[in-house]
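Overview (structure and organization)
Single-letter residue listing:
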4 protein chains.
Amino acid sequence: MKVAVLGATGMVGQRFIQGLQNHPFFEVSVLAASEKSAGKKYSEAAKWYIEGDIPKEIASMRVELIDRKIIKDYGIDIAFSAIPAEVAREVEGSFAEKVPVFSNTKTYRMDEDVPLMIPEVNAEHFDLIKVQQKKRSWKGFIVTNPNCTTVGFALPLKPIYDSLGISWVQLTSMQALSGAGYEGVPSMAIVDNLIPYIGGEEEKCEIEPLKILGKVGGGKVKNADFSVIASCHRVTVLDGHTISVVVGTKKDFTVEEVKELFRKFKGEPQRMKLPTAPDPVIVVRDEDDRPQPRRDRNAGGGMAVSVGRIARKKEKVLRFTSLSHNTIRGAAGASILNAELAFKRKLF
Amino acid sequence: MKVAVLGATGMVGQRFIQGLQNHPFFEVSVLAASEKSAGKKYSEAAKWYIEGDIPKEIASMRVELIDRKIIKDYGIDIAFSAIPAEVAREVEGSFAEKVPVFSNTKTYRMDEDVPLMIPEVNAEHFDLIKVQQKKRSWKGFIVTNPNCTTVGFALPLKPIYDSLGISWVQLTSMQALSGAGYEGVPSMAIVDNLIPYIGGEEEKCEIEPLKILGKVGGGKVKNADFSVIASCHRVTVLDGHTISVVVGTKKDFTVEEVKELFRKFKGEPQRMKLPTAPDPVIVVRDEDDRPQPRRDRNAGGGMAVSVGRIARKKEKVLRFTSLSHNTIRGAAGASILNAELAFKRKLF
Amino acid sequence: MKVAVLGATGMVGQRFIQGLQNHPFFEVSVLAASEKSAGKKYSEAAKWYIEGDIPKEIASMRVELIDRKIIKDYGIDIAFSAIPAEVAREVEGSFAEKVPVFSNTKTYRMDEDVPLMIPEVNAEHFDLIKVQQKKRSWKGFIVTNPNCTTVGFALPLKPIYDSLGISWVQLTSMQALSGAGYEGVPSMAIVDNLIPYIGGEEEKCEIEPLKILGKVGGGKVKNADFSVIASCHRVTVLDGHTISVVVGTKKDFTVEEVKELFRKFKGEPQRMKLPTAPDPVIVVRDEDDRPQPRRDRNAGGGMAVSVGRIARKKEKVLRFTSLSHNTIRGAAGASILNAELAFKRKLF
Amino acid sequence: MKVAVLGATGMVGQRFIQGLQNHPFFEVSVLAASEKSAGKKYSEAAKWYIEGDIPKEIASMRVELIDRKIIKDYGIDIAFSAIPAEVAREVEGSFAEKVPVFSNTKTYRMDEDVPLMIPEVNAEHFDLIKVQQKKRSWKGFIVTNPNCTTVGFALPLKPIYDSLGISWVQLTSMQALSGAGYEGVPSMAIVDNLIPYIGGEEEKCEIEPLKILGKVGGGKVKNADFSVIASCHRVTVLDGHTISVVVGTKKDFTVEEVKELFRKFKGEPQRMKLPTAPDPVIVVRDEDDRPQPRRDRNAGGGMAVSVGRIARKKEKVLRFTSLSHNTIRGAAGASILNAELAFKRKLF
């Protein structure tokens, strides 16, 4: 299938390109970006941040302006989007009239008829697509993936939620620099320092997991009903978000039970052996001092979530630390896995 | 008064030396350390880590072996201790038979008859000294200061505890490298990384504040009765521990009320205008992105605690971020302030 | 004397403000910046990067637009300039028609009639001022200070040049992040990395020292005639440029002789005991592993140059490492010292 | 062939293990280390520093004590050595009595009859092996690879030396943390800092290239006769040494000629297509700001040397910057490539 990457020059765009290299289902046919980059060779338009050089066939591609006419010009079947939130409502909407759009942008995430998906967690939310297409008169559709931090704790919360129940969640994130984009955090701001604030992040962490863990029914999602309190920090790490999570459960548990829940957890992507599905999807670290971003961010090709420091701190109070790659599992890789599942389910 | 610094070559020892420079009450008369350093000039024995050079008169002093006979040899009035926990029970005890000992070491902290003191918070715990001297037949005594992380959240919890009551506390620390000692964290371990574990730290954070906020009576301390859950991390910051704190209060509050509680908070050190007492002791930051370690660790000469990100996350749930200098307010400076208060109260 | 700081919101502007706090000769009367900042309170316009908070009386000052009319409006006696090079020719020129301008900007540095000054090295270049005023019909004048890297090696080269002669110089710099401005180096570019290139820097390092060490005569400067080869790098250090220097001398030497030349070196600022003149101006470090940026950048209040690793690598080949604070001695502090000397010499 | 790794738990030992995984010629049969590790499982003895986990079949191997009897016990054909210099003379010698030893340790490097080899540069130095075996009555032999910094500039100097001649070399290194071993550089020493000194490094950089570029004849090496001046620094980079090199050549050149020399350069490993031989071995970067350690250290699987910033600074004066992976091309990978060439030449 022919793929367009919208917002191809940024860091998430680069991860889309990396993740789609030699992909068995998808082939990158067009790289699109804003006026600043359109018309340039990709290698001139993008500040490549991933180790190694730009793949050769990509480096020489001409960047197109983001505009729906590329669908026709290039015979595009689906689009991946990493465009800025300010323009996403209009742009992604215009593409979705014609083709499926898998978006990492926050804009549509909380729309009632749009799946906010972690395919191991809530694949049944694909049911919203029909509602969406009908309501909006689209031939295509939009499926979104969560915020880069949300995915790191919402995914391991799934087996806890199903087996033990959840009353409340508190989390403190220590987030990587790449989450802010290449120019996002000046070195003067962060060397020998950390920043206890990331604009809009706590709000996303507090609402997105409730939709993700919610039940779909009657054409919409009924949110899960526990409370989430999030405190988000930026630290001097290139890639990989670390999250310290404390969970109030409804049933009590032993540490071994929880480890077993994590280890056994599988979703449809694992069962269907999708090309980029990690197996295991949750990697349990038994060492005292793991997970660590530099050591664990590439587990499962950057698609696994590593958890450690699992402890029962009080009756019905679970503590664990999770670590996941913020621009792979937390962004581009998440959308690619969504698309793989949709493809296998013949949703387009 | 003539002062001995025990464990003078390490990082906390250096902060003792720095804090006692030109002190109106105390004068450093002897620097003591282990066999490895004893007999050398201080400048040869210590790997000075503080910005600038070793004070001249200190650099040329001869390091003595830690042994009680220095009390007599140098006419020592009090001792400050930053010695390893393994040897502290015997060594600090032997000194306390003769002179007051102000210790940063954890060994005696939880002993029933030993004050674990933040002088702004629980100055009345000095009452334990008489019990201690009687029970142990000591002429001197031991007063300890808390773990470097505990002080950063126990101090701002005091006005909350007094005015709103506390049901539970959850905290996540992001701790500085200096807390592990000069050789403690290899650069290979922490560049582009963080470590979600510090041995023994969570346990200390979970018990020490209960003693500190406890009531003294009948010759001992009745611990405060809320629960504390701590998750501790090492991050790539030289000095300054950051702690994200969530507190369940007994009474509800507004953010403005809490800020006012923090701003107005004063203890005996402030009222007595002790030489190293910061005023304000709690610095409230209203900016979104403060406190930050590099910007705020030296507030009040490293003796103030900066708090920010104050929010009411739910009914009776307060969130704030605190920042304090781990080797000044969290170690040497803490003991010096304890000694200043004891001096003014004529406890020796 | 009443002072205007032009370009007051940037990092060098902040160092001007810091250096002029409580200055015995100068008082900051107006802070001027571009349209983006003009009209705002200073605390809102500037991203303060120096440790601690903005001085109170500065924080509340209103930022003015950079325009010559502030000279009259505020009764300005002199101006310090840290404005962008692109606009400096016109703006600094327009101010110099009326008042003395001490500039950190590169634009006028190589103009034949403009002093490029390190006051310990070439104070006699002040003779150019009369030529400049006559030629340009200015009542004021412009005096520039060197590039932040140049000062760190040109200053210690002075006693070598005078006593041993110089045939050639090769230098490799490892420069601090602050040299690029607050937003200059993204953290994604520099964590676990270095960048072997700084635009325009090598060219400045290769020409500026020749003018500085040149002889003034007949109304202009005859450049020194040795060659300089420079290779410049950006490293993960906040403040403080480190330079490894190799010098071909005309006479041979011993290491002790060179250390003695450095130690004894004094200029007019030291002899006149100017307020911000460091003494010694060259700090000789005998340790194997010094100077280091974090340890030595604040020597002499950031105005001294620390040198170490002094070695005679071959006959007539000297190697040393120098370290100086790039935004103090290498920028704002340099201009302030120039102004102090001019003031004492009654040049305005 | 069955291989022993001596010093298997350290960082270079780990790179040996990584480089020998699935190797077509060699198979790791025994991991040997000092008493501290002997008897333990490898996963318990080693602090694995390479991204990802220890290869499974290695993790469970039992570490043996370094002792010649492992040759017989395990039927070892060759040994790779990363043992400390202090013990290497005896230990490596005792192994060489029986089997070929490929050593990264400095001890034998400058011995007259021992090859100090970069196989692309001086493969003919293998001729020393016969001399060595005869003189020492060894059945095996020792071949050494250069210091981690030397290889990064001696390799690109080869085509310059052959085509243009070399009069002198000056270099300034900015070396990675891993070069000092896992515990070598405390984070407190290097965050927001650099260290302008590495013990013994400058001496090695100044003598080793002369032997490497020397001519073998009459059973020994006649050193190349140019001078080398080295200044070595430690910077906050995990892996990858950057070296700024200035070369006085005998013939003049253009930048394009030099780039062509670099691009065309091949050695026997490339011609024989040895398993770990990179091709190209010298990667020429045309961008202003390359090579950079994080971007370029893994070029050619960590075996290529990247060069950039190539300039003709004066007549017959060449400047370039080189970058190579210090624990792969600069250590373990270097010895493996030596062994591959020896194997193909049937030297054992």
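Residues numbered from 1 in each chain as written. Chains lettered and ligands numbered in written order. Predicted model: local features only at pLDDT ≥ 70, side-chain atom pairs only at ≥ 80, totals over all residues. Heavy atoms only, no water.

1. Quick word on the interface of chain B and chain A
Note the following rule: We call two residues contacting when some pair of their heavy atoms lies within 4.5 Å. A quick way to say it: buried area is the sum, across both parts, of accessible area lost when two parts are put together, with a 1.4 Å probe. Here a salt bridge means any side-chain nitrogen of Lys or Arg lying within 4 Å of a carboxyl oxygen belonging to Asp or Glu. Within 3.5 Å is the distance limit for a polar contact, defined as a pair of N or O atoms, with the added protein rule that one can donate a hydrogen and the other accept it, and that residues adjacent in sequence qualify only through two side-chain atoms. Runs of E in the DSSP output that reach at least two residues are strands. Runs of H or I that reach at least four are helices, and both are numbered from the N terminus. The residue classification treats Ala, Val, Leu, Ile, Met, Phe, Trp, Tyr, Cys and Pro as nonpolar and Asp, Glu, Lys and Arg as charged. All others, Gly included, are polar.
Of the residues lining the interface, 45 residues belong to chain B; the matching set on chain A comes to 45 residues. Interface area for chain B against chain A, summed over the two sides, is near 3,500 Å², with a carbon-plus-sulfur share of 51%. Joining chain B to chain A, the criterion identifies 10 salt bridges. With a shortest N-O distance of 3.7 Å, A:K313 and B:E202 are connected by a salt bridge. Where chain B meets chain A, there are 33 residue pairs in polar contact (both at pLDDT 80 or more). Elements with a contribution of two residues or more to the side of chain B that touches chain A: β7 (166–175), α8 (187–190), α9 (201–212), β10 (227–234), β11 (241–249), α12 (293–296), β13 (305–314) and β14 (317–324) of chain B. For the side of chain B that touches chain A, the element with the most residues is β10(B), which contributes six residues. When the residues that make up the side of chain B that touches chain A are grouped by side-chain class, the tally is 20 nonpolar, 11 polar and 14 charged.

2. Observations regarding the interface of chain D and chain A
Counting from both sides, the interface comprises 15 residues of chain D and, opposite them, 15 residues of chain A. Three residues stand out in chain D for area buried against chain A, namely D:E51, D:R294 and D:R295, and they jointly supply 42% of the buried area on that side. Counting across the chain D and chain A interface gives six salt bridges. Note that A:R285 and D:D53 form a salt bridge whose closest N and O atoms lie 3.2 Å from each other. The interface formed by chain D and chain A holds eight residue pairs in polar contact (both at pLDDT 80 or more) in total.

3. Section: helix α9 (residues 201–212) of chain A
Under the convention used in this document: In this scheme, a helix's expected span is set at 1.5 Å multiplied by one less than its residue total. Relative accessibility thresholds used throughout: buried, under 20% of the residue-type maximum; exposed, over 50%; partly exposed, between the two (1.4 Å probe, protein chains only).
An ideal rise of 1.5 Å per residue puts 16 Å on 12 residues; α9(A) measures up with 16 Å between its terminal C-alpha atoms. Among the 12 residues that make up α9(A), nine are buried, leaving the element largely enclosed by the rest of the structure. On its buried face, α9(A) is in contact with α7 (150–163), β7 (166–175), β9 (220–222) and β10 (227–234) of chain A together with β13 and β14 of chain B.

4. Side note on the domain arrangement of chain A
Residue and element names in this part refer to chain A. Filter applied, for reference: These domain boundaries are the output of an automatic or database domain assignment.
Domain boundaries in chain A define domain 1 (2–147 + 332–344) and domain 2 (149–325). Each of domain 1 and domain 2 was reduced to a C-alpha centroid, and the two centroids are 24 Å apart. Taken together, the contact between domain 1 and domain 2 spans 34 residues of the former and 37 residues of the latter. Summing the contributions of domain 1 and of domain 2, the shared interface buries around 2,900 Å²; its carbon and sulfur component is 70%. Interface area lost by domain 1 to domain 2 is led by E120, V121 and N147, which between them contribute 24%. Our count for the contact surface shared by domain 1 and domain 2 stands at two salt bridges. For R109, the salt bridge identified is with E208, shortest N-O distance 2.8 Å. Remark: the boundary between domain 1 and domain 2 carries 15 residue pairs in polar contact (both at pLDDT 80 or more). It is helix α13 (residues 328–344) that provides the largest number of residues to the side of domain 1 that touches domain 2, a total of seven residues.

5. Quick look at the pattern of salt bridges
Applying the stated criterion to the full structure yields 117 salt bridges over all chains. Through salt bridges with shared partners, a single ionic network connects A:D53, D:R285, D:E287, D:R290 and D:D296.

6. Comments concerning helix α11 (residues 255–264) of chain C
All names here are of chain C. The condition is simple: It is the directions from the helix axis to the C-beta atoms whose arc is reported.
Taken together, the buried positions of α11 are V258, K259 and F262. Along the axis of α11, the buried residues cluster in a sector spanning 100°; they form a single face. Buried-residue contacts for α11 involve α8 (150–163), β12 (282–284), β13 (305–314) and β14 (317–324).

7. Focus on the environment of C:G301
Along the chain, C:G301 falls in the loop between α13 (293–296) and β13. Once the C-alpha coordinates of C:G301 and C:I328 are considered, the two residues, 27 residues apart in sequence, prove to be 8.4 Å apart.

8. A word on the state of the cysteines
Each disulfide consists of a covalent bond between the sulfur atoms of two cysteine residues. So the rule is basically this: Cysteine sulfurs are considered disulfide-paired once they come within 2.5 Å of each other.
A full pass over the atoms with the stated rule returns zero disulfides over all chains. Residue A:C148 stays outside any disulfide, its sulfur separated by 7.8 Å from that of A:C205, the closest cysteine.

9. A few points about the packing of helix α7 (residues 150–163) of chain B against α9(B)
Packed helices, taken two at a time, are described by the angle between their axes plus the distance between the axes. Residue and element names in this part refer to chain B. Rules: Axis lines are fitted through C-alpha atoms, for helices just across the contact stretch, and the angle between N-to-C directions can take any value from 0 to 180 degrees. If you view the pair so one helix is near and one far, a crossing is left-handed when the near helix is turned anticlockwise from the far one by less than a right angle, and right-handed when it is turned clockwise.
Look at α7 against α9: their axes get within 10 Å of each other, and the N-to-C directions meet at 40°. In this structure, α7 crosses over α9, and the sense of that crossing is right-handed. Residue-level inspection shows T150, F153 and A154 of α7 in contact with α9, the latter providing K204, C205, E208, P209 and I212.

10. Comments concerning the sheet that holds β12(C)
Residues and elements named next belong to chain C. Heads up, the condition is: Whether two strands pair comes down to DSSP finding at least two bridges between them.
Here we have six strands laid out as an open sheet, ordered β10-β7-β11-β14-β13-β12, and mixed in their pairing. This sheet does not close on itself; its edge strands, each paired only once, are β10 (227–234) and β12. Taken pair by pair, the neighbouring strands of this sheet meet at an average axis angle of 25°, ignoring direction. Bridging between β13 and β14 involves six bridges; their strand directions are antiparallel. Considered in β14, the bridge of K314 is made with V317.

11. Quick look at the packing of aromatic side chains
Both the distance between ring centres and the angle between the ring planes are used here to describe each pair of aromatic rings. Quick reminder of the rule: Note on aromatic contacts: the rings of Phe and Tyr and the six-membered ring of Trp form a pair at centre separations within 6.5 Å, being stacked when their planes are under 30 degrees apart, edge-to-face when over 60 apart, and tilted otherwise. Definition used: whenever NZ (Lys) or CZ (Arg) falls within 6 Å of the ring centre and also within 35 degrees of the ring normal, the charge is taken to sit over that ring.
Tallied over the full model, the rule gives 54 aromatic pairs over all chains. With 4.4 Å between their ring centres and 25° between their planes, A:F25 and A:F343 make a pair best called stacked. Residue A:F25 is located in the loop between α1 (11–20) and β2 (27–33), and its partner A:F343 is located in helix α13; the two are separated by 318 residues in the primary sequence. Using a relative accessible area of 27% as the deciding quantity, one classes A:F343 as partly exposed. Here the aromatic rings of B:F26 and B:F343 are separated by 5.9 Å at their centres, their planes lie at 75°, and the arrangement is edge-to-face. With B:F26 in the loop between α1 (11–20) and β2 (27–33) and B:F343 in helix α13 (residues 328–344), this residue pair connects regions lying 317 residues apart in the sequence. Of the residues examined, B:F26 reaches a relative accessible area of 3% and is grouped as buried. An aromatic cluster of at least three residues, connected via ring pairs, comprises A:F16, A:F25, A:F26, A:F80, A:F102, A:F141, A:F343 and A:F348. One cation-aromatic arrangement involves A:R89 over A:Y108; the distance from NZ or CZ to the ring centre is 4.4 Å.

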